[in-house]
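Understanding the architecture of this molecule
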Amino acid sequence: MESGAVWVDFHMVGMRFFWEKMNHRNSNPAGYFSGWGRSREARNVSTPLATGGSRSVLPVPGPEAVRKVREARSVSACLTTPLATGGSRSVPPRTRGREARSAVPASRSGSNRRQPLCAAPHPGPGFTLVELLVVIAIIGMLVGLLLPAVQQAREAARQMQCNNNLRQLGLACLNHESSQKALPSSGWLWQWEGDPDLGFRYQCGSWAYSLLPFVEQQAMWALGQDGIWDINDVQKQGALERMQMPVATFYCPSRRQAIAYPLNQQTCHNGNRGEATVSGKNDYAGNTGDTYNVWYGNYSTIRSGYNTDRTPGTYETGTIYPRSFVSLSEIRDGTSNTYLIGEKYLRADKYTDGTEDGDDHSAWMGADNDRLRKCYYNASGQYRPLQDRVGLSNTLVFGSAHAGSFGMVLCDGSVHRVGYSIDALVHSYLGKKADGKVATLPE
């Protein structure tokens, strides 16, 4: 040092240096450990005092020192590493090289594999392949358990809709009886489509056709109406249009969709049936009792059919049959104890091709097994109701696509589920309106 210089007290300089370092450490920890980028001698620069001496001052850090401070900050931020126990520890920034690498904790497996100082934090535990397969297996089991329940719920909804269809048909029959003083007739025979000019009492079409005005299908019922009895092109064209029109109320949703299906019976006196390839169908049938007969009288023309004498036979004991005219007062066994309309049996593999004998016509044609079923009793149980099945044809009995039971609406308008195991004799009693053998549906 130069002679005559006045030295600043060493104690005061040391306190100032310590104070500056502490302030720098608190504001920037990384800078405290990084140094100024200069030697100790370069930092202790002596400056002359006003009195002629000199004193040591701390220099202002230059750009190189600032860069090193920033690098130290990034290094310090990377030296905090997670512990295996879930906590963390900080490695001092002054640690360099081997010491810094040895400060990184070992992996969970116990190995001392080195990790980079600035490695990304560990993402945490994940799924192994075995765990993933176990989860997939559990989900598959749950789906397998839930799928039958979903199917049962859907079937219950479809069965409810089917019951609602029967209820609508029952109410339509009661409204028909209220306005016409009789339940709807099953018409003449299958060679005749419905004819609006004949009204209701002597209608040649089916009971389903007679109910169209009572299920909000008045326009459909009136197709081809011209006020003329003699058959003409207007009537035939109207019958052609109507026979191809399905009505959802006459379809069981568990069996098939409410659309037109193939028509395989082409003979018709009052309709251009030969021009039709599809027709509306009917999944419900009227209760004709023991049996019915259509092969009598002359039905070759409208006038001859209308004038045919109709005296029911003793075997037509039900509520709907060819040329019937049954009032509620004639149901002496009780309207709550007598069948009116129910679901019909149909071979399960013949739902959509129209080739089954009991399903090859349109819903609006006259009397046939497509629209009438029997409740006759014999010891073999031939007329017991059946659930639809593949490969078994039976065009005589009631039945359905539902499991356990089929739907039936009684003459009082109430809808019931009748089990397939119903006693054959009880079933026949319920099919008769006035035999004096009153039977009730089992609970």
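In this text, all values refer to a predicted model and were calculated from it rather than measured experimentally.

Concerning helix 9 (residues 233-243)
Taken together, the buried positions of helix 9 are Gln235, Gly238, Ala239, Leu240, Arg242 and Met243. Where the residues of helix 9 are buried, they touch helix 7 (207-210), helix 8 (218-221) and strand 6 (278-279).

Section: the pairing of strand 12 (residues 405-410)
Burial runs high along strand 12: six of the six residues are buried. Of the two faces of strand 12, the one lined by Ser405, Gly407 and Val409 and the one lined by Phe406, Met408 and Leu410 are each fully buried. Bridging between strand 8 (residues 339-343) and strand 12 involves three bridges; their strand directions are antiparallel. Bridge pairing in strand 12 places Tyr339 opposite Leu410. Strand direction decides the pairing type here: strand 12 and strand 13 (residues 415-419), joined by five bridges, are antiparallel. Within strand 13, the position partnered with Val409 by the bridge is Val415. The hairpin turn running from strand 12 into strand 13, its antiparallel successor, is four residues long, and Gly413 in that turn takes a positive phi close to 90°.

So, a nonpolar patch on the surface
There is a patch of nonpolar side chains on the surface, built from Val130, Val134, Ile138, Leu142, Leu145, Leu146, Leu147 and Val150 and spanning about 760 Å² of accessible area. The class for Leu145 is exposed, based on a relative accessible area of 64%.

Some details on the environment of Arg242
Mapped onto the secondary structure, Arg242 falls in helix 9. Arg242 sits in the buried class, given a relative accessible area of 1%. Between the alpha carbons of Arg242 and Ala219 there is a distance of 9.9 Å; along the sequence they are 23 residues apart. Arg242 has contacts with Gly194, Pro196, Tyr209, Leu212, Met220, Trp221, Leu223 and Trp364, leaving out every residue within four places of it along the chain.

Overview of the sheet that holds strand 13
Strand order in the open sheet formed by five strands is 9-7-8-12-13, with mixed pairing between adjacent strands. At either end of the open sheet lies a strand with only one pairing partner, and these are strand 9 (372-373) and strand 13. Along the sheet, helix 6 (residues 129-180) makes contact with strand 7 (284-287), strand 8, strand 12 and strand 13, crossing strand 8 at roughly 150°.

Some details on the packing of aromatic side chains
One pass over the full model with this rule turns up 11 aromatic pairs. Grouped by ring-pair contacts, the aromatic residues Phe200, Tyr209, Phe214 and Trp221 constitute a single cluster. Arg256 extends its terminal NZ or CZ atom over the ring of Tyr261, reaching a point 5.3 Å from the ring centre.

Observations concerning unusual backbone geometry
Positive phi, normally seen in glycine, also occurs at Lys181, with a value near 65°. By the element assignment, Lys181 lies in the loop between helix 6 and helix 7. Located in the positive-phi region is Arg323, a residue other than glycine, with phi close to 60°. Counting through the fold element by element, Arg323 comes out in the loop between helix 10 (302-306) and strand 8. With a relative accessible area of 6%, Arg323 lands in the buried category.

As for helix 6
In this model helix 6 runs 75 Å from its N-terminal to its C-terminal C-alpha over 52 residues, within 8% of the 76 Å that 1.5 Å per residue would give. Along its length, helix 6 shows its largest kink, about 25°, at Leu146, and proline Pro148 lies within four residues downstream of that point. By the burial criterion, the buried members of helix 6 are Cys162, Asn163, Asn165, Leu166, Leu169, Gly170, Ala172, Cys173, His176 and Glu177. Tucked inside the fold, the buried residues of helix 6 contact helix 7, strand 7, strand 8, strand 12 and strand 13. Directly beyond the C-terminal end of helix 6, a positive phi value near 65° is found at Lys181.

Some words on the pattern of salt bridges
All told, the structure shown has 10 salt bridges when counted by the stated rule. With its nearest N and O atoms 3.0 Å apart, the salt bridge here joins Lys432 to Asp290. In this pair, Lys432 is assigned in the segment after helix 11 (424-430) and Asp290 in the loop between strand 7 and helix 10, connecting sequence segments 142 residues apart. Take Lys432: its relative accessible area is 12%, and that puts it in the buried class. The closest approach of N and O atoms between Glu343 and Arg417, which form a salt bridge, is 3.5 Å. Of this pair, Glu343 sits in strand 8 while Arg417 is found in strand 13, placing the two residues 74 residues apart along the sequence.

Cut-off values and rules
Residues numbered from 1 in each chain as written. Predicted model: local features only at pLDDT ≥ 70, side-chain atom pairs only at ≥ 80, totals over all residues. Heavy atoms only, no water. Buried < 20%, exposed > 50% of the residue type's maximum accessible area, 1.4 Å probe, protein only. Helix = DSSP H or I, 4+ residues; strand = E, 2+ residues; numbered from the N terminus. Contact = heavy atoms within 4.5 Å. Pairing = 2+ DSSP bridges. Patch = residues over 30% accessible without salt bridge, like charges linked within 9 Å, V, L, I, M, F, W, Y side chains within 5 Å. Areas by Shrake-Rupley, 256 points an atom, 1.4 Å probe, with all protein chains shown as cover. Salt bridge = Lys/Arg side-chain N within 4 Å of Asp/Glu carboxyl O. Axes fitted to C-alpha atoms, helices over the stretch in contact; angles between N-to-C directions. Phe/Tyr/Trp six-rings, centres within 6.5 Å; stacked < 30°, edge-to-face > 60°. Lys NZ or Arg CZ within 6 Å of the ring centre and 35° of its normal. Expected span 1.5 Å × (residues − 1). Bend = angle between axes of the 7 residues up to and from the residue.

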